[in-house]
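Observations on chain architecture
Here are the chains, one letter per residue:
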Amino acid sequence: MFDELTKLDIKTLNSFIAIAECQGVTAAQSRLNLSPSVISGHLSHLEDRLGMTLCQRGRAGFELTEDGAAVYKVCLDFQEDIANFQHQLHYIRQLDAVKGGHIRLCLADQLPKSFYRALQHCLSESYTNHPLIHFSLDVQSPEHMLESLLNNESDIGVGFFANFPPALTFKPAFIERQVVCCGHHHSLYEDSESLTVAKLEHHYAWVKRGYLVDHQLSPFRPSKLTATTYHMEATAQLILAGHHIGYLPYDLAKQYEQSGLIKILLPELASYEVQHYWAHRPNLGKPVAGFLTEMTQYMTRQLLSLRIDCP
């Protein structure tokens, strides 16, 4: 039996397929470009290995036995598996040749527009220069992001982190401004002239962040925390509903403010800045390390351009 498949076995299987489809040894000669004696030898070898008679040959013509028909079907499946195997190997070799691969990114939600510009540019460049590359993108809370990186479910994360596991590498990415906002249905939207920090902190219902934050960053310790969210867009929806106030990233808040849906409160007194980080495991593979380098270099160029334009 075929406990160990040899090179000769594969040849005999291919010969048997040709014999079955051409309805005889002589007819299979032109397809296989082998002599009838060699083809007959392959068939005998296969029958001996299997302990079966696979076909009837004689004056009555050629016909597969019941066992032969079953073996023919299995041979076709095997032939298809070999073709798929060869295709996969070819694909892997192509990936290596063009520096392809799979890059898994996890991001905090609602990051600054400058980051998204850099991401879109580098994704476009990556697909243009390495057409066989594959990206997976996910939006996660900081805790889930760290867990995903530690479990090797993601390659690169970017966001704010309240703790820094020693098994991961962290590098500064960008600074983001957080501002306090109320929705256009909130009482403060039309009347915030007499608003003070103390009133803002204790007189109104706030949205609480569901993940850990560094309390040294925020100037507030609200006493009325009546809602919890894990993503910025969810925070925005609660603020837009009109009952709560809460922190939003400046770019997101400005977008809603320009539409008349949100008002930024005490921007000089109540806002704070957050340092976001790149996070990844040590010893990144070449495709991942290359993409991270492209992102950091592009964002550095953006920052330098802003400094030149705004002296």
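Scroll up for the structure.
So, here's what we can say about the structure. (Residues numbered from 1 in each chain as written. Predicted model: local features only at pLDDT ≥ 70, side-chain atom pairs only at ≥ 80, totals over all residues. Heavy atoms only, no water.)

1. Re the pattern of salt bridges
So the rule is basically this: Only one rule defines a salt bridge in this text: a Lys or Arg side-chain nitrogen within 4 Å of an Asp or Glu carboxyl oxygen. Where helices and strands are cited, they refer to DSSP runs of H or I of at least four residues and of E of at least two residues respectively, numbered from the N terminus. Throughout this description, buried means an accessible area under 20% of the type-specific maximum (1.4 Å probe, protein chains only), exposed means over 50%, and partly exposed covers the range between.
Tallied over the entire structure, the rule returns 5 salt bridges. The partner of Arg281 in a salt bridge is Asp155, with the nearest N and O atoms 3.3 Å apart. In this pair, Arg281 sits in the loop between β11 (272-280) and α12 (286-309) while Asp155 sits in the loop between α6 (142-150) and β5 (156-159), placing the two residues 126 residues apart along the sequence. For the pair formed by Arg281 and Asp155, the shared burial category is buried. For Glu257, the salt bridge is made with Lys254, and the minimal N-O distance between the two is 3.2 Å. You can see Glu257 and its partner Lys254 sitting in helix α10 (residues 250-258), 3 residues apart, about one turn around the helix. Owing to a relative accessible area of 28%, Lys254 belongs among the partly exposed residues under this scheme. Taken together, the shared-partner salt bridges in this structure form one network comprising Arg104, Asp155 and Arg281.

2. A short note on the side chain of Asp109
Test applied: We count Lys and Arg on the positive side and Asp and Glu on the negative side, and we leave His and both chain ends out. Each polar contact in these results corresponds to two N or O atoms within 3.5 Å; when the atoms are within protein, one needs to be able to donate a hydrogen and the other to accept it, and residues that are neighboring in sequence are counted only if both atoms are side-chain atoms.
Secondary-structure assignment places Asp109 in the loop between β3 (101-107) and α5 (113-129). Despite being buried, Asp109 has no salt bridge partner; Arg209 is the closest side chain of opposite charge, sitting 8.1 Å away. Within polar-contact distance, the side chain of Asp109 engages the backbone nitrogen of Met232 at 2.6 Å. For Asp109, the side chain forms a polar contact with the main-chain nitrogen of Glu233, separated by 3.2 Å.

3. Considerations on the packing of aromatic side chains
For clarity, the threshold we go by: Whether two aromatic rings pair depends on their centres lying within 6.5 Å, for rings of Phe, Tyr and Trp, where Trp uses its six-membered ring; planes under 30 degrees apart make the pair stacked, over 60 edge-to-face, and the rest tilted.
Following the criterion strictly, the structure yields 10 aromatic pairs and no others. When the centroid spacing of 5.6 Å and the interplanar angle of 45 degrees are considered together, the rings of Phe115 and Phe174 count as tilted. Linking Phe115 in helix α5 with Phe174 in strand β6 (residues 169-183), this pair joins segments that are 59 residues apart in sequence. Neither Phe115 nor Phe174 differs from the other in exposure class; each is buried. One aromatic cluster is present, formed by Phe115, Tyr116, Phe174 and Trp278 through successive ring pairs.

4. A short note on the layout of surface pockets
Here is the rule we go by: Within this scheme a cavity is a closed region of a 1 Å grid, computed over the protein atoms alone, that accommodates a 1.4 Å probe without allowing it to escape, whereas a pocket is open but has protein on both sides within 12 Å along at least five of seven lines; lining residues each have an atom within 4 Å of a point. Grid points are joined across faces, edges and corners, and a volume is the space filled by probe spheres set on the points. Throughout, the ten residues Ala, Val, Leu, Ile, Met, Phe, Trp, Tyr, Cys and Pro are labelled nonpolar, Asp, Glu, Lys and Arg are labelled charged, and all others, Gly among them, are labelled polar.
Approximately 330 Å³ is the volume found for the second largest pocket. Residue lining of the second largest pocket: 14 residues in total, with Ser114, Ala173, Phe174, Met299 and Leu303 positioned closest to the centre. Contributions of two or more residues to the lining of the second largest pocket are made by α5, β6 and α12. It is α12 that provides the largest number of residues to the lining of the second largest pocket, a total of 6 residues. The class makeup of the residues in the lining of the second largest pocket is 9 nonpolar, 4 polar and 1 charged.

5. Some points on empty space enclosed by the protein
Applying the stated criterion across every chain, the model contains 2 cavities of 30 Å³ or more. In this structure, the largest cavity is lined by Leu105, Cys106, Leu107, Phe115, Leu119, Ile156, Val158, Trp278, Phe291 and Met295. Those elements giving two or more residues to the lining of the largest cavity turn out to be β3, α5, β5 and α12. If you tally residues by element for the lining of the largest cavity, the top one is β3, at 3 residues. Taken together, the residues of the lining of the largest cavity sort by class into 10 nonpolar, no polar and no charged. The computed volume of the second largest cavity comes to approximately 30 Å³. What lines the second largest cavity is simply Pro142, Glu143, Leu146, Phe161, Ala162 and Asn163. Residue composition of the lining of the second largest cavity, by class: 4 nonpolar, 1 polar and 1 charged.

6. What to know about unusual backbone geometry
Positive phi, normally seen in glycine, also occurs at Asn33, with a value near 60 degrees. Locating Asn33 in the fold gives a position in the loop between α2 (29-32) and α3 (36-50). Owing to a relative accessible area of 69%, Asn33 belongs among the exposed residues under this scheme. At Gln110, a residue that is not glycine, the phi angle is positive and equals roughly 55 degrees. Examined against the element boundaries, Gln110 turns out to sit in the loop between β3 and α5. Here Gln110 falls in the partly exposed class, since its relative accessible area comes to 24%.

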